[in-house]
Amino acid sequence: MVQKLDQKLPVANEYLLLSGGVREGVVDLDLDELNVYARGTDYDMDFTLLVPALKLHDRNQPVTLDMRHSALCHSWLSLRLFDEGTISKWKDCCTIVDHINGATNYFFSPTKVADWFYDSISIVLSEIQKKPQRGMPKVEKVEKNGTIISIILGVGSSRMLYDIVPVVSFKGWPAVAQSWLMENHFWDGKITEEEVISGFYLVPACSYKGKKDNEWRLSFARSEVQLKKCISGSLMQAYQACKAIIIKLLSRPKAISPYHLRSMMLWACDRLPANYLAQEDYAAHFLLGLIDDLQHCLVNKMCPNYFIPQCNMLEHLSEETVMLHARKLSSVRSDPAEHLRTAIEHVKAANRLTLELQRRGSTTSIPSPQSDGGDPNQPDDRLAKKLQQLVTENPGKSISVFINPDDVTRPHFRIDDKFF
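Residues numbered from 1 in each chain as written. Predicted model: local features only at pLDDT ≥ 70, side-chain atom pairs only at ≥ 80, totals over all residues. Heavy atoms only, no water.

In the annotation of an unreviewed UniProt entry, the entry for the protein chain reads Nucleotidyltransferase MB21D2, and the organism field reads Gulo gulo. Regarding the protein chain, the UniProt comment filed under Function (unreviewed entry) reads as follows: "Probable nucleotidyltransferase that catalyzes the formation of cyclic dinucleotide second messenger in response to some unknown stimulus." The heading Sequence similarities (unreviewed entry) in the UniProt record of the protein chain holds the text "Belongs to the mab-21 family." (UniProt positions renumbered as here; feature names shortened; annotations may be inferred.)

Below you can see the structure in the form of structure tokens.
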């Protein structure tokens, strides 16, 4: 319906729907303008929908972007890459730069595109609400959060939060990340290179010193969906548990996002032997290792982007912020089981609130999609107990999942300076 308004969106379009909202770090969009929504009170399930406003799909060569004016992992986008019809259609969503020789260059503006997208969605939703159709979801909230449009839909007795993001979609691979393909990776032989490099996006987020009206951020969300297939269930459980612990603890001042944690997990997969990562009962060890890795990244103010390692995603942080978060993380490391139990209780409280609201609003209560036993991504008490056992049996000692460099044939973990 948005496409029919002014024919700006491609007719044949390919949308990527990701489980989890922007706030959960499913896309590298760490925006300050995001409003806070609470699971249980505002929504039951959340998703991120990437909507290509422009597509470049006919190139076999590595895509070269205009990075002269922007930080690493970011780019401006000139419409000179496109035909005259596209330029004419999108002129009002561009910033204009006139050159000395008289030529005019139109740069696709993330902020102007987001404004146009929000206005278009608002018109469409207004039309839908004027003529409601049976079975259509009820629109409960529409908000613009920076360059993201957040919509909460009522579907039966559940509420779905959609973070809708206008993006630029590319087939192929950016030249700036070409060297990454030359390295050895944990996914080698498990999925094909064609699956990993099938495409990338520009998402509307600028760097900390960038020009907000012009700068886009490179996103490899499509590749990350493929790589996730190669990560063991126990490591994913540890990642979800670690995310549940740190997402609120380290939220102020803003420094660490779940996307940083995901990048660290991918680096760990490259660093550690596959037979070690495949251990089904090592979730507690992996969780301790992720906390250790995060502490290491903070203290050294260094977290390389997985696809463009020369981009340090923490270099903008102040020493004061780094040390504040490092101290908070030390408290987690001293008693990880208790922090995990607290996170689990928060999840359960949100579930209880969701169910209570559903009972009030419906005579036939439908179980929440986030009910206690339903979501495999939520941390559980078994992991907390395993952590407690490790910590109790080794009081005052440093427990790490770093591999014994003298013997990588078997899985090990380390307590202080001894390997087991």
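Caption draft 1: A look at the overall build of the protein chain. Of regular secondary structure, the protein chain possesses 12 helices and 13 strands. Within the protein chain, the fraction of its 420 residues that count as buried is 52%. Here the contacts in the protein chain between residues at least 6 apart in sequence split such that 70% fall between residues at least 24 apart. Carbon and sulfur atoms provide 53% of the accessible area of the protein chain, an area that totals close to 20300 Å². (Helix = DSSP H or I, 4+ residues; strand = E, 2+ residues; numbered from the N terminus. Buried < 20%, exposed > 50% of the residue type's maximum accessible area, 1.4 Å probe, protein only. Contact = heavy atoms within 4.5 Å. Areas by Shrake-Rupley, 256 points an atom, 1.4 Å probe, with all protein chains shown as cover.)

Caption draft 2: Expanded view of the pattern of salt bridges. Inspection of the entire model under this criterion finds 16 salt bridges. Close ionic contact of K243 with E24 constitutes a salt bridge, the shortest N to O distance being 3.7 Å. Taken together, the residues span a long stretch of sequence, with K243 in helix α6 (residues 233–249) and E24 in the loop between β1 (16–19) and β2 (45–56) at a distance of 219 residues. A single burial state applies to K243 and to E24, both of which are buried. A salt bridge links D292 to R333, with the nearest nitrogen and oxygen atoms 2.6 Å apart. Taken together, the residues span a long stretch of sequence, with D292 in helix α9 (residues 283–300) and R333 in helix α10 (residues 319–334) at a distance of 41 residues. Residue classification places D292 among the buried positions, given a relative accessible area of 17%. One network of salt bridges, in which partners are shared, links E24, R39, D46 and K243. (Salt bridge = Lys/Arg side-chain N within 4 Å of Asp/Glu carboxyl O.)

Caption draft 3: Representation of the state of the cysteines. Summed over all chains, the structure comprises zero disulfides. No disulfide involves C297; its sulfur sits 4.5 Å from that of C303, the nearest cysteine. A relative accessible area of 10% places C297 in the buried class. (Disulfide = S-S within 2.5 Å.)

Caption draft 4: Structural context of unusual backbone geometry. In this structure, Q7 is a non-glycine residue whose phi angle is positive, near 55 degrees. Topologically, Q7 is positioned in the loop between α1 (2–6) and β1. By relative accessible area, Q7 is classed as partly exposed at 42%. One non-glycine residue, K301, lies in positive phi territory at about 50 degrees. For K301, a relative accessible area of 22% corresponds to the partly exposed category.

Caption draft 5: A look at the packing of aromatic side chains. Inspection of the entire model under this criterion finds 20 aromatic pairs. Centre to centre, the rings of F170 and F200 are 4.7 Å apart; their planes meet at 5 degrees, and the pair counts as stacked. With a gap of 30 residues between them, F170 in strand β8 (residues 158–171) and F200 in strand β9 (residues 199–203) connect regions that are remote in the sequence. The class of F170 is buried, set by a relative accessible area of 2%. Put simply, the rings of F170, W173, W180, W187, F200, F220, W267, Y306 and F307 touch in pairs and so form one group of aromatic residues. (Phe/Tyr/Trp six-rings, centres within 6.5 Å; stacked < 30°, edge-to-face > 60°.)

Caption draft 6: Structural detail: the layout of surface pockets. Taken as a whole, the second largest pocket holds about 550 Å³ of empty space. Considering the residues around the second largest pocket, the lining is formed by 20 residues, among which V2, V124, L125, I151 and I164 are closest to the centre. Counting residues per element, the ones that place at least two in the lining of the second largest pocket are α1, β2, α3 (110–130), β7 (148–155) and β8. No other element matches α3, which puts five residues into the lining of the second largest pocket. In the lining of the second largest pocket, the residues fall into 19 nonpolar, one polar and no charged. (1 Å grid on protein atoms, 1.4 Å probe; cavity = no way out; pocket = protein on both sides within 12 Å on 5 of 7 lines; lining within 4 Å. Points joined across faces, edges and corners; volume = space filled by probe spheres on them. Nonpolar A, V, L, I, M, F, W, Y, C, P; charged D, E, K, R; others polar.)

Caption draft 7: Looking closely at α9. Over its 18 residues, α9 runs 26 Å from end to end, which matches the ideal 26 Å to within 8%, given 1.5 Å per residue. Burial analysis of α9 places 15 of its 18 residues in the buried class, the great majority of the element. Directly beyond the C-terminal end of α9, a positive phi value near 50 degrees is found at K301. (Expected span 1.5 Å × (residues − 1).)

Caption draft 8: Highlighting the packing of α6 against α9. Close contact between α6 and α9 brings their axes to 8 Å; oriented N to C, the two are set at 50 degrees. In terms of axis orientation, α6 runs oblique to α9. Along this stretch, α6 crosses α9, giving a crossing that reads as right-handed. Residue-level contacts link S234, L235, Q237, A238, Y239, A241, C242 and I246 of α6 to A283, F286, L287, L290, I291 and L294 of α9. (Axes fitted to C-alpha atoms, helices over the stretch in contact; angles between N-to-C directions. Parallel < 35°, antiparallel > 145°, perpendicular 65-115°, else oblique. Left-handed = near helix turned anticlockwise from the far one by under 90°.)

Caption draft 9: How the structure looks around the side chain of T147. Among the secondary structure elements, T147 is positioned in the loop between β6 (138–145) and β7. Within the structure, T147 has its side chain in polar contact with the backbone oxygen of P204 (distance 2.7 Å). (Polar contact = N/O pair within 3.5 Å; in protein donor to acceptor, adjacent residues only side chain to side chain.)

Caption draft 10: Just the pairing of strand β10 (residues 216–219), in detail. Here β10 shows two buried faces, one formed by W216 and L218 and the other by R217 and S219. By the bridge criterion, three bridges tie β9 to β10 in an arrangement that is antiparallel. For V203, the partnering residue across the bridge sits in β10 and is R217. (Pairing = 2+ DSSP bridges.)

Caption draft 11: Fine view of helix α5 (residues 221–228). Counting buried residues in α5 gives six out of eight residues, a clear majority hidden from the surface. Turning to α5, its buried residues number three or more, namely A221, R222, S223, E224, Q226 and L227. Those residues of α5 that are buried lie in contact with β1, β2, α4 (193–196), β9, β10 and α7 (258–271).

Caption draft 12: Fine view of the environment of I245. Among the structural elements, I245 can be located in helix α6. In sequence terms I245 and I291 are 46 residues apart; their C-alpha atoms lie 9.9 Å from each other. Setting aside anything within four residues of it in sequence, one finds I245 in contact with V332, P336, H339, L340 and A343.

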